[in-house]
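# What the coordinates show
Chain residues, written in single-letter form:
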Amino acid sequence: MKQGLAFAALMALALMHLLWPLDVFARVDGEVAELILLELRAPRTLLAISYGAALGITGAALQAIFANPLASPDITGASSGAAFGAVGMAHVVGFTAPLAMAAGGAFGAGGALLLLFLIAGRGADPARLLLAGLAIALAAGAATSLLLALAPSPYAFYDMWRWLMGSLVERSWTQAIAALVPAALACLWIWKDRMAFDLMALGGDVAASMGVDPARLARRTMVLSAVAIGACVSVAGAIGFVGLIAPIAARSLMKGHPGKAIGLAGMLGAFTLVAADILVRFAPEGRPIPVGVITALVGTPLFVMILLSLRPRSVA
Amino acid sequence: MRIEARALRMAGRLSPSDFAAGEGELIGLVGPNGSGKTSFLRGLAGITGEADRLCIDGEPLCSLPPAARAHRIAYLPASRLLEWPIPVSRVLRLSPSPVEEDSVERMVAHLELEPLLDRPSNALSTGERGRVLLGRALALEPSVLLLDEPLANLDPYWVLKVTDLLEDAAAGGTTIIAALHDLALVGRFGRLLLMREGQIIADGKSEKVANEPLFAATFRLHGAAPSWTL
């Protein structure tokens, strides 16, 4: 029921994202209008939906395995790691094909998640997770900037804001598909594990007594999240806060179940990113605003509210 | 046999141990701190460790799909950590396969969980979470119930009440193995397993095991049950 409503709202907003502003179509003839719709607008809409959904789903899954409502692709440093991996693939290794960059992004995100899990694994103090994620994100961001500054192309450096803040404009069908296909496959696989994530809420040992392998589930979730985030970031840069807020909203609508909330988190994530990408169109002519600026502006106050609502962890 | 383990072992924690129990046995598991009680229970639950054979009702535990496994074996961990704000009413029904409504209702009544049903489970006290997790485990009506310190963190009222509940469940056919710290309660358990340094060193009727000199010596006590001295 809730998921049905969320899906209907998402579809309505996606249609608006695709068609609005409408007056463009009145000013051009049919052939150009078709070109705008199919070659410019449609990949952007598709990318916004897939990236947003991937953020929501991987955020919900990471929060479930870290047993921490603050774990998300951005807070864990996975998004920054993915940007570093994709930039490294393009400017150091020299492969710029969308799928090669998606693979680079997946390796970068996976490395960041692995490092974080080693420093602040399941059930770690939220402060430890936040600080470790911050360190990883800062290091990966600086390394990305360094690679771009040293890149052979003198214009690469000006791409920095796109990698670090994220943007969905002027992406081709090939790029949209390079993000969509790996993200969709990884997210579907994560979604299949939703019952296991709910059982993990009873504690790793209780879940294990029912046949869940907590260590394997954590490994699988981190690899799949890295694939989904890596692919999306390699096309559209690192977009923050959607992957943090959408799962928290979804869980509060699904009576706190980390697993049952995964599908809804995907829809809310897609809705948020599509809405943010509609908002950036209000920017003055010739002053493009990265969509990540909007999600960060809206997301940070919510993030602070969540921080304030966290109770000190009770020790049992 | 209800549950049968052959050469159940865990490197550094549990020496290869054989164990078997029949239907409806109520077994107390005792031993000093760090003697391997939790390791033994986790091994029996199939959480970690290895075994040449680990069967419930004659079927290998690892061959059972999660839905069937949840009704064969239930485990109560010593750490009663619940991480997410799932309401108690949902925690009681959280299982890979549907739980009988009647048996959930019975547990709510026995464990007086009614006032807690709508509360987020991660906001309860340790003792309350222990009751909720025990209620959940019992509501599954498993063949085997493995309980790590089921009486820890409970008020005296709840210690007696839970002990009664375990006796009832055992009378109903559930095989129960519970790690205990309070030696005053071992008399309520028909069979006693005594552990030391990762090994089962005594296994038998509770009045017999508890009165052996080995029992007192293992706990570094003198005298005999129930009036031990230092």
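Just so you know, these numbers come straight off a predicted model, no measurement behind them.

The rules behind each value
Residues numbered from 1 in each chain as written. Chains lettered and ligands numbered in written order. Predicted model: local features only at pLDDT ≥ 70, side-chain atom pairs only at ≥ 80, totals over all residues. Helix = DSSP H or I, 4+ residues; strand = E, 2+ residues; numbered from the N terminus. Rg over C-alpha atoms; globule rule 2.2 N^0.38 Å. Buried ≥ 20, exposed ≤ 12 C-beta atoms within 10 Å, placed from the backbone. Contact = placed C-beta atoms within 7 Å. Nonpolar A, V, L, I, M, F, W, Y, C, P; charged D, E, K, R; others polar. Pairing = 2+ DSSP bridges. Axes fitted to C-alpha atoms, helices over the stretch in contact; angles between N-to-C directions. UniProt positions renumbered as here; feature names shortened; annotations may be inferred. pLDDT = per-residue confidence, 0-100. Parallel < 35°, antiparallel > 145°, perpendicular 65-115°, else oblique. Left-handed = near helix turned anticlockwise from the far one by under 90°.

## Topic: the overall build of chain B
Tallying secondary structure elements over chain B gives eight helices and twelve strands in all. On C-alpha atoms alone, chain B measures out to a radius of gyration of 17 Å, which is about the 17 Å that the 2.2 N^0.38 rule sets for 230 residues. With respect to the three principal axes, the spread of C-alpha positions in chain B is 50 × 40 × 30 Å. Here chain B, with 230 residues, has 43% of them falling under the buried criterion. Across chain B, contacts joining residues at least 24 apart in sequence account for 67% of those joining residues at least 6 apart.

## What to know about the interface of chain A and chain B
Of the residues lining the interface, 18 residues belong to chain A; the matching set on chain B comes to 25 residues. Within the residue set of the side of chain A that touches chain B, elements represented by two or more residues are α9 (194–200) and α10 (204–209) of chain A. The greatest single-element share of the side of chain A that touches chain B, amounting to four residues, is contributed by α10(A). Here the side of chain A that touches chain B is built from residues that sort into ten nonpolar, five polar and three charged.

## What about the sheet that holds strand β3 (residues 26–30) of chain B?
All names here are of chain B. With mixed pairing, the six strands of this open sheet are ordered in space as β6-β7-β8-β3-β9-β10. Only two strands of the sheet have a single partner each, and these edge strands are β6 (73–76) and β10 (199–205). For this sheet the average axis-to-axis angle between neighbouring strands, irrespective of direction, equals 15°. Packed onto the sheet, helix α1 (residues 37–44) meets β3, β7 (144–148), β8 (175–179) and β9 (191–196) and runs at close to 150° relative to β8.

## As for the UniProt feature "transmembrane region" (unreviewed entry) in chain A
Per the UniProt entry, the sites bearing "transmembrane region" (unreviewed entry) are residues 45–68, 99–120, 129–152, 172–191, 223–249, 261–282 and 289–310 of chain A in this numbering. Helix makes up 86% of residues 261–282 of chain A and strand 0%, whereas the separation of the span's terminal C-alpha atoms amounts to 32 Å.

## A word on the confidence of the model for chain B
Residues of chain B with pLDDT of at least 70 account for 100%, and the chain-wide mean is 93. For this predicted complex, the interface confidence reaches an ipTM of 0.94, while the overall pTM sits at 0.92.

## Concerning the pairing of β3(B)
Residue and element names in this part refer to chain B. Burial within β3 is extensive, with five of its five residues counted as buried. Side chains L26, G28 and V30 project from β3 onto one buried face, and the interleaved I27 and L29 project onto a second face that is buried too. Pairing of β3 with β8, which is carried by four bridges, proceeds in the parallel orientation. Residue pairing in the sheet places L29 in a bridge with A179 of β8.

## So, the packing of helix α3 (residues 30–66) of chain A against helix α12 (residues 242–253) of chain A
Residue and element names in this part refer to chain A. The interhelical angle for the contact between α3 and α12, taken along N-to-C directions, is 70°, at an axis separation of 7 Å. Relative to α12, the element α3 is oriented roughly perpendicular. Taken as a pair, α3 and α12 cross one another with a handedness that is right-handed. In contact with G52, L55, G56, T58, G59, A60 and Q63 of α3, α12 contributes V242, G243, L244, A246, P247 and A250. Here the contact of α3 with α12 is composed, by residue class, of seven nonpolar, six polar and no charged.

## Overview of the sheet that holds strand β1 (residues 3–10) of chain B
All names here are of chain B. One open sheet accounts for four strands, arranged β2-β1-β4-β5; its pairing is antiparallel. Edge positions in the sheet fall to β2 (14–21) and β5 (59–60), since each has one partner strand and no second. When β1 meets strand β4 (residues 53–56), the two strands line up antiparallel, connected through four bridges. Bridging across to β4, I3 finds its partner in I56. Each of β1 and β2 is contacted by α1, which is oriented at about 125° to β1, the strand it contacts most.

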